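# Commentary on secondary and tertiary structure
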Amino acid sequence: MEGEYIFSSEIETYCQQHSEPETPLLSEIARYTWTTQAYPHMISSYIQGRLLSFISRILKPNCILEIGSFTGYSTLCLAEGLQPAGSLVTIEKNRELEEKLNEFFSKSSNSKQIKLLIGDALRIIPDLQVTPDLIFIDADKEQYPQYLEICLPIMKKGSLLIADNVLWGEKVIHHDSKSNKETHGIIRFNEMMTQKTELSVVMLPIRDGLTLAIRK
Ligand SMILES: C[S@@+](CC[C@H](N)C(=O)[O-])C[C@H]1O[C@@H](n2cnc3c(N)ncnc32)[C@H](O)[C@@H]1O
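Residues numbered from 1 in each chain as written. Predicted model: local features only at pLDDT ≥ 70, side-chain atom pairs only at ≥ 80, totals over all residues.

## Regarding the site of the ligand
Near the ligand, the surroundings consist of 19 residues, among which Ser44, Gly68, Phe70, Ser74 and Asp140 are the closest. Elements with a contribution of two residues or more to the shell around the ligand: helix H4 (73-79), strand S2 (87-92) and helix H6 (121-124). Along the lines of polarity and charge, the residues of the shell around the ligand split into 9 nonpolar, 5 polar and 5 charged. (Near = placed C-beta within 6 Å. Helix = DSSP H or I, 4+ residues; strand = E, 2+ residues; numbered from the N terminus. Nonpolar A, V, L, I, M, F, W, Y, C, P; charged D, E, K, R; others polar.)

## A word on the sheet that holds strand S1 (residues 63-67)
Read across the open sheet, the 7 strands follow the order S3-S2-S1-S4-S5-S7-S6; overall the sheet is mixed. The open sheet has two free edges, formed respectively by strand S3 (114-118) and strand S6 (199-204), since each of these has just one partner strand. The mean inter-strand angle of the sheet, taken between neighbouring strand axes irrespective of direction, is 15 degrees. The pairing of strand S4 (residues 134-137) with strand S5 (residues 160-164) spans 4 bridges and is parallel. Within S5, the position partnered with Ile135 by the bridge is Leu161. Contacts between helix H5 (residues 98-106) and the sheet are confined to S2 and S3, with S3 contributing the most and set at about 180 degrees to the helix. (Pairing = 2+ DSSP bridges. Axes fitted to C-alpha atoms, helices over the stretch in contact; angles between N-to-C directions. Contact = placed C-beta atoms within 7 Å.)

Treat this as a map of the structure, not an account of what it does.
Written out as C-alpha coordinates, the structure reads:
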(Lines give C-alpha, C1' and ligand atoms only; values in the text may rest on other atoms or scores of the structure.)
Protein backbone atom coordinates (compact mmCIF):
# COMPACT_ATOMS: atom_id res chain seq x y z
CA MET A 1 0.00 0.00 0.00
CA GLU A 2 1.11 3.53 -0.71
CA GLY A 3 1.58 5.89 2.21
CA GLU A 4 -1.04 8.19 3.61
CA TYR A 5 -0.93 11.77 2.48
CA ILE A 6 0.91 14.39 4.46
CA PHE A 7 -1.40 17.29 3.59
CA SER A 8 -5.11 17.46 4.44
CA SER A 9 -7.42 17.12 1.47
CA GLU A 10 -8.67 20.69 2.10
CA ILE A 11 -5.18 22.10 1.66
CA GLU A 12 -4.59 19.85 -1.35
CA THR A 13 -7.81 21.18 -2.93
CA TYR A 14 -6.83 24.79 -2.18
CA CYS A 15 -3.41 24.25 -3.80
CA GLN A 16 -5.12 22.64 -6.79
CA GLN A 17 -7.46 25.62 -7.20
CA HIS A 18 -4.44 27.93 -7.28
CA SER A 19 -2.34 25.96 -9.73
CA GLU A 20 -2.53 25.63 -13.50
CA PRO A 21 -5.14 23.20 -14.83
CA GLU A 22 -4.18 19.70 -15.91
CA THR A 23 -4.94 18.66 -19.50
CA PRO A 24 -8.29 16.96 -20.32
CA LEU A 25 -6.33 13.76 -21.05
CA LEU A 26 -4.82 13.79 -17.54
CA SER A 27 -8.31 14.28 -16.07
CA GLU A 28 -9.50 11.31 -18.13
CA ILE A 29 -6.63 9.14 -16.84
CA ALA A 30 -7.31 10.17 -13.23
CA ARG A 31 -11.04 9.40 -13.64
CA TYR A 32 -10.26 6.04 -15.25
CA THR A 33 -7.79 5.18 -12.48
CA TRP A 34 -10.09 6.07 -9.59
CA THR A 35 -13.06 4.18 -11.10
CA THR A 36 -11.34 1.00 -12.32
CA GLN A 37 -8.12 0.26 -10.42
CA ALA A 38 -7.79 -1.79 -7.22
CA TYR A 39 -5.14 0.61 -5.83
CA PRO A 40 -6.03 3.96 -7.44
CA HIS A 41 -4.12 5.99 -4.84
CA MET A 42 -0.90 4.86 -6.54
CA ILE A 43 -1.53 7.56 -9.16
CA SER A 44 0.32 10.85 -8.76
CA SER A 45 -1.92 13.56 -7.35
CA TYR A 46 -2.92 16.65 -9.31
CA ILE A 47 -0.38 18.84 -7.49
CA GLN A 48 2.41 16.30 -7.73
CA GLY A 49 1.65 15.93 -11.43
CA ARG A 50 1.83 19.70 -11.93
CA LEU A 51 5.13 19.75 -10.02
CA LEU A 52 6.60 16.96 -12.16
CA SER A 53 5.53 18.85 -15.27
CA PHE A 54 6.98 22.11 -13.89
CA ILE A 55 10.34 20.52 -13.06
CA SER A 56 10.47 18.87 -16.47
CA ARG A 57 9.70 22.18 -18.20
CA ILE A 58 12.52 23.90 -16.28
CA LEU A 59 14.97 21.12 -17.08
CA LYS A 60 13.87 20.66 -20.75
CA PRO A 61 15.21 17.11 -20.85
CA ASN A 62 16.25 15.21 -23.94
CA CYS A 63 15.81 11.89 -22.25
CA ILE A 64 13.50 10.87 -19.38
CA LEU A 65 13.37 7.47 -17.69
CA GLU A 66 10.39 6.52 -15.54
CA ILE A 67 10.26 3.38 -13.38
CA GLY A 68 6.61 2.50 -12.69
CA SER A 69 4.11 3.85 -15.26
CA PHE A 70 0.88 2.55 -13.63
CA THR A 71 -1.86 4.31 -15.68
CA GLY A 72 0.46 6.83 -17.31
CA TYR A 73 -0.48 9.96 -15.37
CA SER A 74 3.05 10.89 -14.22
CA THR A 75 4.45 9.80 -17.60
CA LEU A 76 2.40 12.43 -19.42
CA CYS A 77 3.17 15.10 -16.80
CA LEU A 78 6.92 14.47 -17.19
CA ALA A 79 6.64 14.42 -21.00
CA GLU A 80 5.30 18.01 -20.97
CA GLY A 81 8.87 19.34 -20.63
CA LEU A 82 10.57 17.18 -23.25
CA GLN A 83 12.69 18.81 -25.95
CA PRO A 84 10.97 18.55 -29.38
CA ALA A 85 13.42 15.78 -30.34
CA GLY A 86 13.51 14.28 -26.83
CA SER A 87 12.19 10.93 -25.70
CA LEU A 88 10.77 9.30 -22.59
CA VAL A 89 11.08 5.62 -21.68
CA THR A 90 8.60 4.37 -19.11
CA ILE A 91 8.80 0.87 -17.63
CA GLU A 92 5.81 -0.99 -16.20
CA LYS A 93 5.88 -4.53 -14.82
CA ASN A 94 2.13 -5.18 -14.95
CA ARG A 95 1.23 -6.40 -18.44
CA GLU A 96 -2.50 -5.87 -17.76
CA LEU A 97 -1.89 -2.12 -17.94
CA GLU A 98 -0.22 -2.21 -21.38
CA GLU A 99 -3.29 -1.78 -23.60
CA LYS A 100 -4.74 1.14 -21.64
CA LEU A 101 -1.33 2.81 -21.35
CA ASN A 102 -0.87 2.63 -25.12
CA GLU A 103 -4.39 4.02 -25.62
CA PHE A 104 -3.72 6.99 -23.31
CA PHE A 105 -0.25 7.67 -24.76
CA SER A 106 -1.60 7.58 -28.32
CA LYS A 107 -3.97 10.46 -27.42
CA SER A 108 -1.12 12.64 -26.15
CA SER A 109 0.63 15.33 -28.18
CA ASN A 110 3.86 13.67 -26.99
CA SER A 111 2.80 10.21 -28.23
CA LYS A 112 5.68 9.82 -30.69
CA GLN A 113 8.21 10.61 -27.96
CA ILE A 114 7.00 8.02 -25.44
CA LYS A 115 8.25 4.45 -25.41
CA LEU A 116 6.51 1.98 -23.07
CA LEU A 117 8.48 -1.08 -22.02
CA ILE A 118 6.63 -3.86 -20.22
CA GLY A 119 8.72 -5.83 -17.75
CA ASP A 120 10.89 -5.58 -14.66
CA ALA A 121 12.87 -2.34 -14.62
CA LEU A 122 15.74 -4.07 -12.82
CA ARG A 123 16.17 -6.40 -15.80
CA ILE A 124 15.45 -3.82 -18.52
CA ILE A 125 17.54 -0.80 -17.47
CA PRO A 126 21.02 -2.38 -17.69
CA ASP A 127 20.44 -3.05 -21.44
CA LEU A 128 18.77 0.28 -22.22
CA GLN A 129 21.69 2.40 -23.47
CA VAL A 130 20.21 5.69 -22.26
CA THR A 131 21.68 8.63 -20.35
CA PRO A 132 18.60 10.28 -18.84
CA ASP A 133 18.52 13.95 -17.84
CA LEU A 134 15.55 13.11 -15.64
CA ILE A 135 14.67 9.88 -13.81
CA PHE A 136 11.45 9.29 -11.89
CA ILE A 137 11.44 6.33 -9.48
CA ASP A 138 7.93 5.27 -8.48
CA ALA A 139 7.69 1.46 -8.45
CA ASP A 140 8.12 -1.38 -5.92
CA LYS A 141 9.23 0.22 -2.64
CA GLU A 142 11.27 -2.80 -1.53
CA GLN A 143 13.40 -2.39 -4.64
CA TYR A 144 14.17 1.33 -4.26
CA PRO A 145 17.81 0.66 -3.17
CA GLN A 146 18.32 -1.47 -6.30
CA TYR A 147 16.74 1.14 -8.57
CA LEU A 148 19.19 3.67 -7.17
CA GLU A 149 22.18 1.41 -7.84
CA ILE A 150 21.20 0.81 -11.47
CA CYS A 151 20.26 4.44 -12.11
CA LEU A 152 23.40 6.10 -10.71
CA PRO A 153 25.76 4.77 -13.40
CA ILE A 154 23.54 6.07 -16.22
CA MET A 155 23.22 9.58 -14.76
CA LYS A 156 25.51 12.30 -16.07
CA LYS A 157 26.52 15.59 -14.44
CA GLY A 158 23.33 17.63 -13.95
CA SER A 159 20.94 14.66 -14.30
CA LEU A 160 18.00 14.91 -11.92
CA LEU A 161 16.58 11.96 -10.04
CA ILE A 162 13.13 12.21 -8.42
CA ALA A 163 11.86 9.50 -6.07
CA ASP A 164 8.27 9.28 -4.85
CA ASN A 165 6.85 7.97 -1.54
CA VAL A 166 10.06 8.57 0.42
CA LEU A 167 8.07 9.27 3.62
CA TRP A 168 5.89 6.18 3.11
CA GLY A 169 2.95 7.39 5.17
CA GLU A 170 5.35 8.50 7.93
CA LYS A 171 6.38 4.86 8.45
CA VAL A 172 9.99 5.99 7.86
CA ILE A 173 9.71 7.53 11.34
CA HIS A 174 7.17 5.26 13.03
CA HIS A 175 8.65 1.86 12.24
CA ASP A 176 9.50 -1.12 14.41
CA SER A 177 10.65 -4.73 14.15
CA LYS A 178 7.29 -5.64 12.56
CA SER A 179 7.71 -3.16 9.70
CA ASN A 180 7.43 -4.70 6.25
CA LYS A 181 9.88 -5.05 3.36
CA GLU A 182 8.55 -1.94 1.61
CA THR A 183 9.18 0.23 4.67
CA HIS A 184 12.71 -1.16 5.04
CA GLY A 185 13.33 -0.57 1.32
CA ILE A 186 12.35 3.09 1.59
CA ILE A 187 14.35 3.64 4.80
CA ARG A 188 17.45 2.05 3.23
CA PHE A 189 16.99 4.12 0.04
CA ASN A 190 16.74 7.34 2.06
CA GLU A 191 19.93 6.46 3.97
CA MET A 192 21.76 5.61 0.75
CA MET A 193 20.74 8.92 -0.81
CA THR A 194 22.39 10.87 2.00
CA GLN A 195 25.55 8.75 1.69
CA LYS A 196 26.02 9.21 -2.07
CA THR A 197 28.58 12.01 -2.24
CA GLU A 198 28.06 12.32 -6.00
CA LEU A 199 24.49 13.53 -5.37
CA SER A 200 23.08 16.79 -4.08
CA VAL A 201 19.84 15.83 -2.33
CA VAL A 202 16.69 17.52 -1.00
CA MET A 203 13.73 15.67 0.53
CA LEU A 204 10.37 17.44 0.38
CA PRO A 205 7.26 16.67 2.47
CA ILE A 206 5.02 16.91 -0.60
CA ARG A 207 2.18 14.37 -0.55
CA ASP A 208 3.90 11.09 0.45
CA GLY A 209 7.39 12.60 0.24
CA LEU A 210 9.43 13.44 -2.82
CA THR A 211 13.23 13.38 -2.97
CA LEU A 212 15.07 15.37 -5.63
CA ALA A 213 18.73 14.68 -6.33
CA ILE A 214 21.14 16.17 -8.84
CA ARG A 215 24.28 14.38 -9.97
CA LYS A 216 27.19 16.74 -9.21
C1 LIG B 1 2.98 3.83 -7.63
S2 LIG B 1 2.64 3.08 -9.13
C3 LIG B 1 3.24 4.25 -10.30
C4 LIG B 1 2.39 5.49 -10.35
C5 LIG B 1 2.71 6.43 -11.49
N6 LIG B 1 4.13 6.71 -11.59
C7 LIG B 1 1.99 7.73 -11.25
O8 LIG B 1 2.56 8.60 -10.61
O9 LIG B 1 0.82 7.85 -11.67
C10 LIG B 1 3.85 1.82 -9.19
C11 LIG B 1 3.86 0.99 -10.47
O12 LIG B 1 5.14 0.35 -10.56
C13 LIG B 1 4.96 -0.93 -11.13
N14 LIG B 1 6.15 -1.74 -10.78
C15 LIG B 1 6.44 -2.32 -9.57
N16 LIG B 1 7.64 -2.91 -9.62
C17 LIG B 1 8.14 -2.69 -10.87
C18 LIG B 1 9.35 -3.04 -11.53
N19 LIG B 1 10.30 -3.76 -10.90
N20 LIG B 1 9.54 -2.65 -12.81
C21 LIG B 1 8.57 -1.91 -13.45
N22 LIG B 1 7.40 -1.55 -12.87
C23 LIG B 1 7.20 -1.94 -11.61
C24 LIG B 1 3.65 -1.42 -10.55
O25 LIG B 1 3.08 -2.43 -11.35
C26 LIG B 1 2.82 -0.12 -10.51
O27 LIG B 1 2.01 0.01 -11.66
